[in-house]
Every structure is written in structure tokens, then in C-alpha cells.
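Residues per chain, in single letters:
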Amino acid sequence: MKTIFITGASTGLGKATAKLFASKGWRVIATMRKPENETELNTIANVTLLPLDVTNVAQIKETVSKAIAIGSVDVVFNNAGYGLVGPLEGATDEQLVRQLDTNLLGVIRITQAFIPHFREKHSGLFINTTSMGGLLTFPFSSVYHATKWALEGWSESMAFELKKIGVGIKTVSPGGIKTDFINRSLELTKHPAYDQWVAKMFGALSEDTFSTAEQIAEVVYEAATDGNEKLRYPAGEDAKAMYAQRLQVGDEAFRKHMASVFLAD
């Protein structure tokens, strides 16, 4: 039985991925900040819940050790994260640090903690949830994009050194997911000078093209099991279409298009 370790498994994509892999016969180690509040995953026989706040360095080491003690881990799915959205001028330093600590340093630290385990057995795979926001940008999301673009570049670089020890790394880049992300996983910065433009941006968003968490989880499963060395997996029709458009028309034309859609007067 293969084992996957998942961060951010309490809701959304993390939970959907845990359920999918469990249904495929995998052992799932599902981590979340408050596993005592979980009422669904704890009823599945081959799912183990462990506590993990990816900003807590000591807890990362403790939880990774517990996971490895349960059995050999084959895949690590770095999924925990959230979006800091709004004007940079309105962001507090606490908000900036928390966004970087969660979305970027959390992934790096989890990966670093698992590398010795994978190196010793000369196998293993890291899958990182980035976002189409790691391949292109929207207005008023600069710090969120900073973390996701950083993860894309970091993962690409890590692929070189991990390959030398028989280990893989991939990114899954979802578009919009119908998981109440806007209400549950967004933190907003505010500044009155930008209110009208921020309102226009949110007004232009539409969930009509969003994917379900289950659809994106299928892409995670594909990345975990297809056996190839492909690095990036854009996930969801909106992500695929927008990324393809950016590549086709070029950076500047795409930026002008995004401004016309989200910030038009």
C-alpha cells in the first residue's frame, strides 16, 4: 500500500484529494491544524489524521517524524495555503509575513523535512499546489502571486537536485475552485484609495468556469501516478485556457487584456 502525506486536508482540495487517494487504496496521512474538529476523514479506515500548522517549525519536525514512523511515505502533497488579496499599501507587516510563511516557507520546510526519508529509499515525489496565479497574475494579488511564482521557480530548481537522489517534484496549478475559497481562504487588505478598483476586480470574477475540488484532485492523482517527469500540471479549464492565452499572445498583450477585463473604467 502506497502512502501520501497531505497538508491542508481539512477542507477543499486537500480533503477531496485525501478522499480520492483513500478510495484508490492508498494510505493517507491527512494533516490539518485542528484534526479534533474533523468529522469525515476520521471515519475512513486508511486515513490517519495528524496535527500540523505549516508555520510551526517544531510541529513540522514532530509531525513528519510521526508520519514516517507510521510507514514509508511515497508522496508528499504540499497543499496548505491561502490568498492575501487587496492593495499592497493596505497590507500590514503581519499579513505579509503570514502569507510568505504559510504559502512559501511552509512548503519549503515540509519538503526539507522529508528529503532525508526519500533520499534513503532513493524514491519519492513532492507535489506542490501552486495556482494559475503562479503562471499569470491578477490585479491586487501581488503578495499571493509572489508566493506562487516563487513556488514555481523553487520547484523547477529543486527538480534538478532531487533527481540526483531519485526523487521527483511537480506542481499542480489550479484555476478557480468551487470550495468557497473567496469567503474561506481569502484575507483582504484594505485602503480607501483603491476601493473602486478592487470592487471592479471582484465584480468581474465569475465562478461559472471554476472547477470542483474533486476535479482538481483527479489532476493531483494523475501527477502522482503517471510516472513521467513532467513538472507543471495546469488544472481546470480556466487555468489551461488562460495560461495558453498568455503563452500565445505574449506577456504584454496578456497584461493589457487582463487590465481591460478587471480594471476597465
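Refer to the preceding data block for the structure.
Keep in mind the model is a prediction, meaning the values are calculated, not measured. (Residues numbered from 1 in each chain as written. Predicted model: local features only at pLDDT ≥ 70, side-chain atom pairs only at ≥ 80, totals over all residues. Heavy atoms only, no water.)

Quick word on empty space enclosed by the protein
For step 1, the next point in the chain: This structure, assessed with the given rule, holds two cavities of 30 Å³ or more.
For step 2, the next point in the chain: Forming the boundary of the largest cavity are L84, G86, P87, L88, A91, S142, V143 and T189.
For step 3, the next point in the chain: Split by residue class, the lining of the largest cavity holds five nonpolar, three polar and no charged. (1 Å grid on protein atoms, 1.4 Å probe; cavity = no way out; pocket = protein on both sides within 12 Å on 5 of 7 lines; lining within 4 Å. Points joined across faces, edges and corners; volume = space filled by probe spheres on them. Nonpolar A, V, L, I, M, F, W, Y, C, P; charged D, E, K, R; others polar.)

What to know about the layout of surface pockets
For step 1, the next point in the chain: Looking at the second largest pocket, its volume works out to about 500 Å³.
For step 2, the next point in the chain: Looking at the second largest pocket, it is lined by 22 residues, and the ones nearest its centre are G124, L125, V167, G168 and N228.
For step 3, the next point in the chain: Secondary structure elements with two or more residues in the lining of the second largest pocket: helix 4 (142-163), strand 7 (168-174) and helix 7 (213-225).
For step 4, the next point in the chain: If one sorts the elements of the lining of the second largest pocket by residue count, strand 7 sits on top with three residues.
For step 5, the next point in the chain: Looking at the lining of the second largest pocket residue by residue, the classes come out as nine nonpolar, six polar and seven charged. (Helix = DSSP H or I, 4+ residues; strand = E, 2+ residues; numbered from the N terminus.)

A word on the side chain of N78
For step 1, the next point in the chain: Tracing the backbone through its elements, the reader meets N78 in strand 4 (residues 75-78).
For step 2, the next point in the chain: In this structure N78 comes out as buried when scored by relative accessible area, which is 1%.
For step 3, the next point in the chain: Only 3.2 Å separates the side chain of N78 from the side chain of T111, close enough to count as a polar contact.
For step 4, the next point in the chain: Among the polar contacts listed, one links the side chain of N78 to the side chain of N128, at a separation of 2.9 Å.
For step 5, the next point in the chain: Residue contacts for N78: discarding those within four places in its chain leaves T7, V107, I110, T111, F126, I127, N128 and T129. (Buried < 20%, exposed > 50% of the residue type's maximum accessible area, 1.4 Å probe, protein only. Polar contact = N/O pair within 3.5 Å; in protein donor to acceptor, adjacent residues only side chain to side chain. Contact = heavy atoms within 4.5 Å.)

Overview of the sheet that holds strand 1 (residues 3-6)
For step 1, the next point in the chain: Strand order in the open sheet formed by seven strands is 3-2-1-4-6-7-9, with parallel pairing between adjacent strands. Strands with a single pairing partner mark the edges of an open sheet, and in this sheet they are strand 3 (47-51) and strand 9 (232-235). This sheet shows a mean twist of 20 degrees between the axes of neighbouring strands, independent of strand direction.
For step 2, the next point in the chain: Packing of helix 1 (residues 12-23) onto the sheet brings it into contact with strand 1, strand 2 (27-32), strand 3, strand 4, strand 6 (125-129) and strand 7, and relative to strand 1 it is tilted by some 170 degrees. (Pairing = 2+ DSSP bridges. Axes fitted to C-alpha atoms, helices over the stretch in contact; angles between N-to-C directions.)

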